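Commentary on secondary and tertiary structure
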Amino acid sequence: MDVSIIIVNWNTKELLRGCLTSVYEQTVDLDFGVIVVDNASTDGSAEMVRNDFPQAMLIQNTKNCGFAAANNQAIAVAKGRYILLLNSDTVILDRAIEKTISFANENPKAGAIGCRVINPDGTLQETCFMFPSILNMLLSSTYLYKIFPKNKFFGREQMTWWDRNDVREVDVITGCFILVRREAIEQVGILDERFFMYCEETDWCYRLKKKEWKVMFAPVGQIIHYGGRSTRQRRAEMILQLRGSILLFIKKHKGFLSQVITRLLTALFFFLRVPYWITVGIIRRGKRSESIRTAATYWVGGIHCLVNWKKLLINKVEI
C-alpha cells in the first residue's frame, strides 16, 4: 500500500464527511487506505463513517485520548509505505495527496513533508515554523511578529514573510497535513503521547532532524484547512494547553536554564494579553462575557507558569 491516511476526529461530523469525500474523490492513482480514529464523539461521527464510508477502517474510542495517542493507535495497524496525518477539518484539492507522494518518492531523504495550506477564503495559512526557542518565544510573547510580519527577524518563528510558494527544508510541519515515511517512523518512533494536543508534530520533527531526516515543505499540492473546529469546543483549555505543550517540549529537549526562561516568557505572553481582553470587553458590550473569560484564562495561565506549569496541561504527565 502506498499510503495510510489517518484522520483523528472529535465532534466534527460534517467536516469529517467533507474531508473523507475529498480524499476519495481526489485520490485516484494510489493504493491507499483510510483509518478514522474517533475520540468518543457525541455528534454521530462514528455512525456516519460506518454508514457512509464503509471502506474506511474505523477505530472508535470510549474516551478522548488525545491527538497523539489516537494517531498512534492508527499507526499501529497502518500498512502504507507512507503515513499521512490529516485533520478532519481539511479538504483535499487537485489530487494533493498524490502529488505529495510523488514528491516524497523523488526525495528519499525527506522524512516528513507538508503541502501548501489555505484558509476557506483562499488566503494563505502559515503551516510550518521554527522550533520553540528563547528568542522565538520572546518575539511571540511581545507580538512583534504581528507588527512587523514581513520582517525576517521579527517574523522568524512562523516565517510570516514567506509566501509558501517554493520548496524548502523547514523545522516543523503542522499536523493538519504531514506525510511521514514509514522508514523514518521505525527509526525515531511514534508520536509522544505526553503531548495530548499541540506540539506532538514539533517533537516528532525535532526527533526526525536529530536522526538526519529532512523535514520539507513542498507546495506541489494544496488543501483547505478550516482550523480549530475541535479545539474551539474547549477554547479556554486549549489556550493553556498550547503553551503548556511548548513548555513540555522545552523541558524534554532543552536545559534547565531554558526551562526557567521560557516559563517566564510564557507568563509574560499570558499577562500581556489580560489588559487587552479587558479593554475589548469594555468597548464591545456584546463580547463582554467572552472577553472577561478570556482575560481570566490568560491570568490563570500566567500564574500557572510561575507556580506549576504542568497545570496548563489537560493530561497529567511525568517527564
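Rules and cut-offs
- Residues numbered from 1 in each chain as written.
- Predicted model: local features only at pLDDT ≥ 70, side-chain atom pairs only at ≥ 80, totals over all residues.
- Heavy atoms only, no water.
- Helix = DSSP H or I, 4+ residues; strand = E, 2+ residues; numbered from the N terminus.
- Rg over C-alpha atoms; globule rule 2.2 N^0.38 Å.
- Buried < 20%, exposed > 50% of the residue type's maximum accessible area, 1.4 Å probe, protein only.
- Contact = heavy atoms within 4.5 Å.
- Salt bridge = Lys/Arg side-chain N within 4 Å of Asp/Glu carboxyl O.
- Axes fitted to C-alpha atoms, helices over the stretch in contact; angles between N-to-C directions.
- Parallel < 35°, antiparallel > 145°, perpendicular 65-115°, else oblique.
- Left-handed = near helix turned anticlockwise from the far one by under 90°.
- Nonpolar A, V, L, I, M, F, W, Y, C, P; charged D, E, K, R; others polar.
- Phe/Tyr/Trp six-rings, centres within 6.5 Å; stacked < 30°, edge-to-face > 60°.

Attention now moves to the overall build of the chain. Along the backbone of the chain there are eleven helices and eleven strands. A globule of 319 residues ought to have a C-alpha radius of gyration of about 20 Å, and the chain, at 20 Å, matches this closely. Here the C-alpha coordinates of the chain stretch approximately 55 × 40 × 40 Å along the principal axes. Scored against the burial criterion, the 319 residues of the chain give a buried share of 54%. Long-range pairs, those at least 24 residues apart, make up 79% of the contacts in the chain between residues at least 6 apart in sequence.

For the structure on display, the rule yields 13 salt bridges. Notably, a salt bridge pairs Arg 168 with Asp 166, separated by 2.9 Å at the nearest N-O pair. The structure contains a network of salt bridges with shared partners spanning Asp 192, Arg 194, Asp 203, Arg 207 and Lys 252.

The next thing to look at is the packing of helix H9 (residues 235-253) against helix H10 (residues 256-283). The interhelical angle for the contact between H9 and H10, taken along N-to-C directions, is 160°, at an axis separation of 9 Å. Relative to H10, the element H9 lies roughly antiparallel. For the element pair H9 and H10, the recorded crossing hand is right-handed. Where H9 abuts H10, its residues Arg 235, Ile 239, Leu 240, Arg 243, Leu 247, Ile 250 and Lys 251 lie against Ser 258, Gln 259, Thr 262, Arg 263, Thr 266, Phe 269, Phe 270 and Trp 277. Residues belonging to the contact of H9 with H10 are distributed by class as follows: seven nonpolar, four polar and four charged.

What follows covers the packing of aromatic side chains. In total, this model carries 13 aromatic pairs according to the counting rule given. Geometrically, the ring pair formed by Tyr 24 and Phe 53 is stacked, given 6.1 Å between the ring centres and 15° between the ring planes. Highlighted residues: Tyr 24 in helix H1 (residues 13-26) and Phe 53 in the loop between helix H2 (45-52) and strand E3 (57-61), separated in sequence by 29 residues. With relative accessibility at 8%, the residue Phe 53 sits in the buried group. Ring centres 5.9 Å apart and planes at 45° place the aromatic pair Phe 270 and Tyr 298 in the tilted group. With Phe 270 in helix H10 and Tyr 298 in helix H11 (residues 288-307), the pair connects residues that are 28 residues apart, well separated along the chain. For the pair Phe 270 and Tyr 298, a shared accessibility class is recorded, and that class is buried. Members of the aromatic cluster, each reached through a chain of ring pairs, are Tyr 24, Phe 32 and Phe 53.

Another point: the environment of Ala 70. Within the secondary structure layout, Ala 70 lies in helix H3 (residues 67-77). What makes Ala 70 buried here is its relative accessible area of 0%. Sequence spacing of Ala 70 and Val 36 is 34 residues, and the spatial spacing of their C-alpha atoms is 9.3 Å. Not counting residues within four places of it along the chain, the set of residues in contact with Ala 70 comprises Val 8, Val 37, Asn 39 and Cys 65.

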